[in-house]
Amino acid sequence: VKNLLAPAPQWQCGGVPITSLCVIERRKGKNKPVIHKALVDLDGPLSQPYAAYSKIREQLRLLDAYNIPGPIQYDMENCKASTDIPVTLQLELRAAVQPPRG
């Protein structure tokens, strides 16, 4: 779903056929369609969230720093949570993130 900041009638839905994600691999002597394996790159260009959490791993073991924003809020004017950006996305965008507090 795209364009979620617009009114609901202006949202745009889309999809991808599952077959476009598949490749043919030989398994147990037969060719089978399987979804192509994609490994996580912990040193790549989008590894900032992992690196940031690695630095504060010890603190997170001791603090109650769990953050749940709750259900998605679409009321941009009266609900502060509707404008919150998840920490992992902030890190991917190279924004400064507050240290955990417990």
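This text goes with the structure placed above it.
Residues numbered from 1 in each chain as written. Predicted model: local features only at pLDDT ≥ 70, side-chain atom pairs only at ≥ 80, totals over all residues. Heavy atoms only, no water.

Okay, the side chain of Q48 next. Secondary-structure assignment places Q48 in helix α1 (residues 48-55). In contact with Q48, not counting residues within four places along its chain, are L91, E92 and R94. (Helix = DSSP H or I, 4+ residues; strand = E, 2+ residues; numbered from the N terminus. Contact = heavy atoms within 4.5 Å.)

Moving on, we come to the environment of P99. By the element assignment, P99 lies in the segment after α3 (87-92). C-alpha separation for the pair P99 and A65, spaced 34 residues apart in sequence, amounts to 9.6 Å.

The next thing to look at is the pattern of salt bridges. Proximity of charged atoms lets side chains of opposite charge pair with each other. Within the structure shown, the criterion is met by two salt bridges. Taking the shortest distance from any N to any O, the salt bridge between R27 and E25 comes out at 3.0 Å. Assessed through its relative accessible area of 43%, R27 is described here as partly exposed. (Salt bridge = Lys/Arg side-chain N within 4 Å of Asp/Glu carboxyl O. Buried < 20%, exposed > 50% of the residue type's maximum accessible area, 1.4 Å probe, protein only.)

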